[in-house]
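Take a look at the letters that make up each chain.
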Amino acid sequence: THPGEREVLDVIPQEYKVGTQLQVDPIGVLTDSIEGRFLNITASPSLRENIDKCFAQAGIEIADRPISALALAACMLSETERRSGCVLVDMGADTTTVSIYKSNILRQLSVIPLGGNNVTKDIMSLQVEQEEAEQLKRTYGTAYAEVDEDKATGTISLSENRSVDEITFYEIVEARLEEIIVNVANQIKMSGYTKEQLLAGIIITGGVAATKNLERAFREHTGFDKFRFAKSVSMTVRLPQGFENVGKYGNLNTAIALLDKG
């Protein structure tokens, strides 16, 4: 069936029913009937069109359009993790991508339209500019605030000699990150796979992965107890002098993975 207004970017075979037997690879098996199950990766055509326009205006020819989530998984996940089952969560600036693997096969892929920039915009509600909000997020942001009720709360300094109560700031950041994590948990639930089936647990990457207490927040809202934070890709990347800190938050992992794919 045609996916309506969306276009199919890739088709991932799941399994085949050859006669009465389930097979991952049906080639060479004699049978009088075969059924196939496939995961269609779809997106709005405008997504590809906008990317094409950007590269055309920059005068750069496009060689191929690999799916970034698949390229990232190829760099980030071990064969053991893909085989035993895992969830790869790429927490980017504008989106959070959830990829679920089991038996070396991509079982589900979904993109949540929420990311680190949403946290920054929430902090801007304190009447600060975007650049300052981004810096405050990286310095003080936490996904799970540990507040000592017996201790007087402090303040966080803002520009123009202003300040904000610590708890107020923590609540702003924590609320948005909780929304993102709850959405991730819902995608895992919708996949039908449980933590008992996804033995390798949750692998977290992307710029937001550097947030303090993120693992505790994931434990609270997903019920998983096994986590791995993948802050860098498993390849050597030489950065020019003066750019050593670029990508240290994991915010360039997808771009590097796409270059490696190319």
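Residues numbered from 1 in each chain as written. Predicted model: local features only at pLDDT ≥ 70, side-chain atom pairs only at ≥ 80, totals over all residues. Heavy atoms only, no water.

### Thoughts on the overall build of the protein chain
So, step 1. Helix and strand counts for the protein chain stand at eight helices and 10 strands.
So, step 2. Considered along the principal axes of its C-alpha atoms, the protein chain spans approximately 75 × 50 × 40 Å.
So, step 3. When the 262 residues of the protein chain are sorted by exposure, 36% land in the buried category.
So, step 4. Put simply, of all contacts in the protein chain between residues at least 6 apart along the chain, 62% involve residues at least 24 apart.
So, step 5. For the protein chain, the computed accessible surface area is about 15,900 Å², with 48% contributed by carbon and sulfur atoms.
So, step 6. When the 27 positive and 37 negative side-chain charges of the protein chain are each reduced to one mean point, those points stand 5 Å apart. (Helix = DSSP H or I, 4+ residues; strand = E, 2+ residues; numbered from the N terminus. Buried < 20%, exposed > 50% of the residue type's maximum accessible area, 1.4 Å probe, protein only. Contact = heavy atoms within 4.5 Å. Areas by Shrake-Rupley, 256 points an atom, 1.4 Å probe, with all protein chains shown as cover. Lys, Arg positive; Asp, Glu negative; His and termini not counted. Charge placed at Lys NZ, Arg CZ, Asp CG, Glu CD.)

### Overview of unusual backbone geometry
So, step 1. Residue Ser103 is not a glycine yet carries a positive backbone phi of 55°.
So, step 2. Here Ser103 lies in the loop between β5 (96-102) and β6 (105-112).
So, step 3. Exposure remark for Ser103: the relative accessible area of 38% places this residue in the partly exposed category.
So, step 4. For Glu160, which is not glycine, the phi torsion reads 60° and is therefore positive.
So, step 5. When you line up the elements, Glu160 lands in the loop between β7 (155-157) and β8 (163-165).
So, step 6. On the basis of relative accessible area, Glu160 is assigned to the exposed category, the value being 69%.

### Observations regarding the packing of helix α2 (residues 68-76) against helix α8 (residues 253-261)
So, step 1. Relative orientation of the contacting elements α2 and α8 amounts to 90°, with a least axis distance of 8 Å. One element, α2, and the other, α8, form an angle in the roughly perpendicular class. Here α2 contributes Ser68, Ala71, Leu72, Cys75 and Met76 to the contact with α8, which in turn contributes Asn253, Thr254, Ala257, Leu258, Asp260 and Lys261.
So, step 2. Looking at the contact of α2 with α8, its residues break down into six nonpolar, three polar and two charged. (Axes fitted to C-alpha atoms, helices over the stretch in contact; angles between N-to-C directions. Parallel < 35°, antiparallel > 145°, perpendicular 65-115°, else oblique. Nonpolar A, V, L, I, M, F, W, Y, C, P; charged D, E, K, R; others polar.)

### Focus: the sheet that holds strand β1 (residues 7-18)
So, step 1. Taking strand neighbours across the sheet as the criterion, the three strands line up as β2-β1-β3 in an open arrangement whose pairing is antiparallel. Every interior strand has two partners, whereas the edge strands, β2 (21-23) and β3 (34-43), have only one. When strand polarity is set aside, the average angle formed by the axes of neighbouring strands in this sheet is 30°. (Pairing = 2+ DSSP bridges.)

### Regarding the side chain of Asn118
So, step 1. With respect to the helices and strands, the residue Asn118 is situated in helix α4 (residues 116-123).
So, step 2. Asn118 gets classed as buried once you look at its relative accessible area, which sits at 18%.
So, step 3. The residues touching Asn118, leaving out its near neighbours within four places in the chain, are Ala93, Asp94, Pro113 and Arg176.

### Some points on a nonpolar patch on the surface
So, step 1. On the surface, Val237, Leu239, Phe243, Val246 and Leu252 cluster together into a nonpolar patch covering about 390 Å² of accessible area.
So, step 2. Overall, Val246 belongs to the partly exposed group, its relative accessible area being 38%. (Patch = residues over 30% accessible without salt bridge, like charges linked within 9 Å, V, L, I, M, F, W, Y side chains within 5 Å. Salt bridge = Lys/Arg side-chain N within 4 Å of Asp/Glu carboxyl O.)

### As for the packing of aromatic side chains
So, step 1. Under the criterion given, the structure shown has four aromatic pairs.
So, step 2. Between the aromatic rings of Phe218 and Phe227, the centroid separation amounts to 6.2 Å while the plane-to-plane angle is 65°, which identifies the pairing as edge-to-face. The pair formed by Phe218 and Phe227 is uniform in burial state, with each residue classed as buried.
So, step 3. Here a set of aromatic residues connected by ring pairs shows up, and it is made of Tyr140, Phe169 and Tyr170. (Phe/Tyr/Trp six-rings, centres within 6.5 Å; stacked < 30°, edge-to-face > 60°.)

### Describing the pairing of strand β9 (residues 202-205)
So, step 1. Side chains Ile202 and Ile204 project from β9 onto one buried face, and the interleaved Ile203 and Thr205 project onto a second face that is buried too.
So, step 2. Pairing of strand β4 (residues 86-91) with β9 involves four bridges; the strand directions are parallel. Pairing of Val87 across the sheet is with Ile202, part of β9.
So, step 3. Relative to strand β10 (residues 227-229), β9 runs parallel, the two sharing three bridges. Pairing of Ile204 across the sheet is with Phe229, part of β10.
So, step 4. Viewed along the sheet, the connection from β9 through helix α7 (residues 214-222) into β10 turns out right-handed. (Right-handed = clockwise from strand over helix to strand, strands pointing away.)

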